[in-house]
Amino acid sequence: MAGDGGWVVAPDGGRPYGRPCTHLDLLAGSDAPLPAGPAVCPECEARGWTWVRLRWCATCGHVGCCDSSRGTHAYDHHVLSGHPVVRSLAPDEDWAWCFTDEVFLVRRTENRLGQPGRTPR
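To keep things clear, this report deals only with the structure shown in the data block. (Residues numbered from 1 in each chain as written. Predicted model: local features only at pLDDT ≥ 70, side-chain atom pairs only at ≥ 80, totals over all residues. Heavy atoms only, no water.)

## Focus: the overall build of the protein
Helix and strand content of the protein: two helices and six strands. When contacts within the protein are restricted to residue pairs at least 6 apart in sequence, long-range pairs at least 24 apart make up 47% of them. When the accessible area of the protein is evaluated, it comes to approximately 7100 Å², of which 52% is carbon and sulfur surface. (Helix = DSSP H or I, 4+ residues; strand = E, 2+ residues; numbered from the N terminus. Contact = heavy atoms within 4.5 Å. Areas by Shrake-Rupley, 256 points an atom, 1.4 Å probe, with all protein chains shown as cover.)

## Considerations on the nonpolar core
Taken as a class, soluble globular proteins show a tendency for nonpolar side chains to be buried jointly. If you look at the biggest cluster of nonpolar residues, it comprises 17 residues, and the most contacted ones within it are C21, L27, V85 and L105. Contributing elements (two or more residues each) for this core: β1 (7-9), β2 (54-57), β3 (63-65), β5 (95-98) and β6 (103-107). The contact partners of V85, leaving out residues within four places of it in the chain, are H23, L26, L27, W56, C57, A58, A96, W97, C98 and L105. Counting residues in hydrophobic clusters, the runner-up holds seven residues, among them A10, W95, F99 and V106. (Core = buried A, V, L, I, M, F, W, Y, C linked by side-chain atoms within 4.5 Å. Buried < 20%, exposed > 50% of the residue type's maximum accessible area, 1.4 Å probe, protein only.)

## A word on the pairing of β2
Side chains L54 and W56 of β2 all project onto a buried face; the interleaved residues R55 and C57 project onto the opposite face, where all are buried too. Looking at chain direction, β2 and β3 are connected through three bridges and run antiparallel. Looking at the pairing, W56 lines up with V63 of β3. From the end of β2 to the start of β3, which pair antiparallel, there are five residues, and G61 there has a positive phi angle of about 85°. (Pairing = 2+ DSSP bridges.)

## Comments concerning the pairing of β5
Judged by which residues are buried, β5 turns out to be covered on both faces: W95 and W97 on one side and A96 and C98 on the other are all buried. Taken together, the three bridges between strand β4 (residues 85-88) and β5 define a ladder with antiparallel strand orientation. In the strand pairing of β5, V85 is matched with C98. The antiparallel hairpin formed by β4 and β5 contains six residues in its connecting segment. As judged from the four bridges shared by β5 and β6, these two strands associate in the antiparallel manner.

## Section: the sheet that holds β2
The strand order β1-β6-β5-β4-β2-β3 describes an open sheet built from six strands, whose pairing is antiparallel. Here the strands that pair on one side only, and so sit at the sheet edges, are β1 and β3. Mean inter-strand twist for the sheet, computed between neighbouring axes without regard to direction, equals 35°. Its contacts with the sheet place helix α2 (residues 73-81) against β2 and β3, and it is angled at close to 120° to β3. (Axes fitted to C-alpha atoms, helices over the stretch in contact; angles between N-to-C directions.)

## Digging into the environment of S69
If you trace the backbone, S69 turns up in the loop between β3 and α2. Overall, the relative accessible area of 6% leaves S69 in the buried class. Apart from the residues lying within four places of it in its own chain, the contact partners of S69 are W51, V52 and R53. In this structure the side chain of S69 is engaged in a polar contact, spanning 2.8 Å, whose partner is the backbone nitrogen of V52. (Polar contact = N/O pair within 3.5 Å; in protein donor to acceptor, adjacent residues only side chain to side chain.)

Treat this as a map of the structure, not an account of what it does.
Structure below.
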């Protein structure tokens, strides 16, 4: 299942293979609008807390801390707003998560000829 922007649902050993994501279109063109400069979790920063990793809302651009952080502000934003998809802002991560469909999203791989390939299992 490919969406605009080349994102697909990743196989997840903990969930049945083949689960769809109905929100892939939110990631179309999501490379450009990521926050420039050092990103922070504003809710944690206001409380003087630290965070583990940051997540970016693909709907509105809100930045919140991950579920491993004290505040879990990315998830709280999803609950309050209904916005379904976040991308990781960690420089060593290139993935997204759909809270609504509960699926892990990765970029579609391409083979050597530049054609869409299968996502690794």
